[in-house]
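Tertiary structure, described
Next come the chains, spelled out residue by residue.
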Amino acid sequence: MAPIDVSGLHVRFGEVHAVRGVSFRVAEGESYGIVGESGSGKSTVLRAICGLAPISAGAVTVAGEELGRRRSAGFHRRLQMVFQDPYASLHPRHTIDRVLAEPLAIHGFDDREARILRALDEVGLGRGFRFRYPHQLSGGQRQRVAIARALILEPRVMLLDEPTSALDASIQAEVLNLLDRLRAERGLTYILVSHDLAVVAHMCERLLVMQHGQAVEELTRDGLRARAAREPYTRDLLAASEGYRPAESSP
Ligand SMILES: Nc1ncnc2c1ncn2[C@@H]1O[C@H](COP(=O)(O)OP(=O)(O)OP(=O)(O)O)[C@@H](O)[C@H]1O
């Protein structure tokens, strides 16, 4: 069973028809990218999958449970989202310990201290960061806290919305490598939204190209690297992505 099945998804915000009939499936353990120009509806698709945007029509099924129907208690725990700007989502007066303890308390986990220490180790922060405040961390360290907060609930699916675009290039690579390693170790399923084709080519096995709220085409990573796009819009997007270089050059 596909962990994520999006079928004919429409999302409207009043007069704005942000997503218009998008369908795709993501397999267990797969890393799937969504690309497209600003305003094409990428973030809205992610938000609809985790219940943060209203579904006007169509269906989103996560691990066999359809959004909008009655969901099991563990549904939200199994589906975690990481946003572009971790500073905005971390309370300035909460220590990292509290940031990590809160979701554990909400979902009724015990052995919280052991889980917090393990999560800090897993994202490469170490225990010395436990009682720091967000302003005492670098941007990359804050994003590691946001990843730890998502991981600590042992999700199956991570929805990543431009998780590294606020970071310097060198830090961006570190965080992407961390996400890659965690996916391999935990068998996680990712959906990654990014405007950066190099990031998507590095992280994702397949990707969906969106324009004006619609799915234009689906490509494999090999297709992306070979720039084997069928649609003129995708070819323009590839041509316009300055700095994009196929990760593997031909011999
Ligand atoms: N809560 C909202 N209320 C009204 N309109 C919204 C809302 N959220 C998104 N939109 C609109 O929906 C459209 C798609 O927005 P979305 O954020 O999904 O695009 P995006 O492709 O992720 O863009 P970006 O790359 O700039 O983040 C835009 O026209 C946006 O203004």
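Rules of the game
Residues numbered from 1 in each chain as written. Predicted model: local features only at pLDDT ≥ 70, side-chain atom pairs only at ≥ 80, totals over all residues. Helix = DSSP H or I, 4+ residues; strand = E, 2+ residues; numbered from the N terminus. Rg over C-alpha atoms; globule rule 2.2 N^0.38 Å. Buried ≥ 20, exposed ≤ 12 C-beta atoms within 10 Å, placed from the backbone. Contact = placed C-beta atoms within 7 Å. Near = placed C-beta within 6 Å. Axes fitted to C-alpha atoms, helices over the stretch in contact; angles between N-to-C directions. Parallel < 35°, antiparallel > 145°, perpendicular 65-115°, else oblique. Left-handed = near helix turned anticlockwise from the far one by under 90°. Pairing = 2+ DSSP bridges. Core = buried A, V, L, I, M, F, W, Y, C linked by C-beta atoms within 7 Å. pLDDT = per-residue confidence, 0-100.

Now for the overall build of the protein. The helix and strand tally for the protein stands at 10 helices and 10 strands. Taken over C-alpha atoms, the radius of gyration comes to 18 Å for the protein, in line with the 18 Å a tight globule of 251 residues would show. When the backbone C-alpha atoms are referred to their principal axes, the protein occupies close to 50 × 50 × 35 Å. Relative to its 251 residues, the protein shows a buried fraction of 36%. Counting only contacts in the protein whose residues sit at least 6 apart along the sequence, the fraction spanning at least 24 positions is 67%.

A separate point is the site of the ligand. Around the ligand, the neighbouring residues are F13, V16, A18, G36, S38, G39, S40, G41, K42, S43, T44 and H195. The set of elements that each furnish at least two residues to the shell around the ligand consists of strand 2 (16-26) and helix 1 (42-49). Here the shell around the ligand gets three residues from one element, more than from any other, and that element is helix 1.

What follows deals with the packing of helix 4 (residues 96-106) against helix 5 (residues 112-122). Contact pair helix 4 / helix 5: the axes reach a minimum separation of 10 Å and the direction vectors enclose 125 degrees. Judged by the angle between their axes, helix 4 and helix 5 are oblique. Seen along the crossing, helix 4 lies across helix 5 with a hand that is right-handed. Facing helix 4, whose interface residues are D97, L100, A101 and L104, helix 5 presents R112, R115, I116 and A119.

Moving on to the sheet that holds strand 4 (residues 57-62). Taken together, the four strands give an open sheet; going across it, the order is 2-1-4-5, and neighbouring strands pair in antiparallel fashion. Of all the strands in the sheet, the pair left with one neighbour each is strand 2 and strand 5 (65-66). Both strand 1 (residues 4-13) and strand 2 contribute to a ladder of eight bridges, which runs antiparallel. By the bridge assignment for strand 2, D5 is matched with R25. In this fold helix 1 packs onto strand 1, strand 2 and strand 4, with an angle of close to 115 degrees to the strand it touches most, strand 1.

Right, let's talk about the sheet that holds strand 6 (residues 79-82) for a bit. Taking strand neighbours across the sheet as the criterion, the six strands line up as 6-7-8-3-9-10 in an open arrangement whose pairing is mixed. The open sheet is flanked by strand 6 and strand 10 (214-220), the only strands paired with a single partner. On average, each strand axis in the sheet is inclined to that of its neighbour by 20 degrees, with strand direction left out of account. Judged from the four bridges that link them, strand 6 and strand 7 (residues 157-161) form a sheet pairing that is parallel. Note that in strand 7 the partner of Q80 across the bridge is M158. Sheet strands in contact with helix 10 (residues 232-240) are strand 9 (206-211) and strand 10, and its direction is about 100 degrees off that of strand 9.

Let's shift gears to the environment of L176. Position of L176 relative to the elements: it lies in helix 7 (residues 169-186). With 142 residues separating them along the chain, L176 and I34 place their C-alpha atoms 16 Å apart. Each residue touching L176, except ones within four places of it in the same chain, is listed here: T164, V199, H202 and M203.

Our focus in this paragraph is the nonpolar core. With 59 residues, the main nonpolar core has A148, L159, I191, V200 and L207 as its most contacted residues. It is helix 6 (residues 139-151) that contributes the most residues to this core, six residues altogether. If near-sequence neighbours (up to four positions away) are discounted, I191 is found in contact with I4, V26, Y32, I34, L46, L159 and L160.

The subject of this paragraph is the confidence of the model for the protein. Of the residues in the protein, 92% have a pLDDT of 70 or more, and the chain-wide mean is 88. No element of the protein has a lower mean pLDDT than helix 3 (residues 86-89), at 70, and none a higher one than strand 2, at 97. In the predicted assembly, ipTM is 0.96 and pTM is 0.89.

Right, let's get into the environment of F75. Tracing the backbone shows F75 in helix 2 (residues 75-78). For F75, a count of 15 C-beta atoms within 10 Å gives the class partly exposed. Separated by 12 residues in the primary sequence, F75 and A63 have C-alpha atoms spaced 8.9 Å apart.

Its identity is not glycine, yet E154 carries a phi of approximately 55 degrees, on the positive side. Its location among the elements puts E154 in the loop between helix 6 and strand 7. Given 15 C-beta atoms within a 10 Å radius, E154 is considered partly exposed. Backbone geometry places E162, a non-glycine residue, at a positive phi of 45 degrees. Assignment of secondary structure puts E162 in the loop between strand 7 and helix 7.

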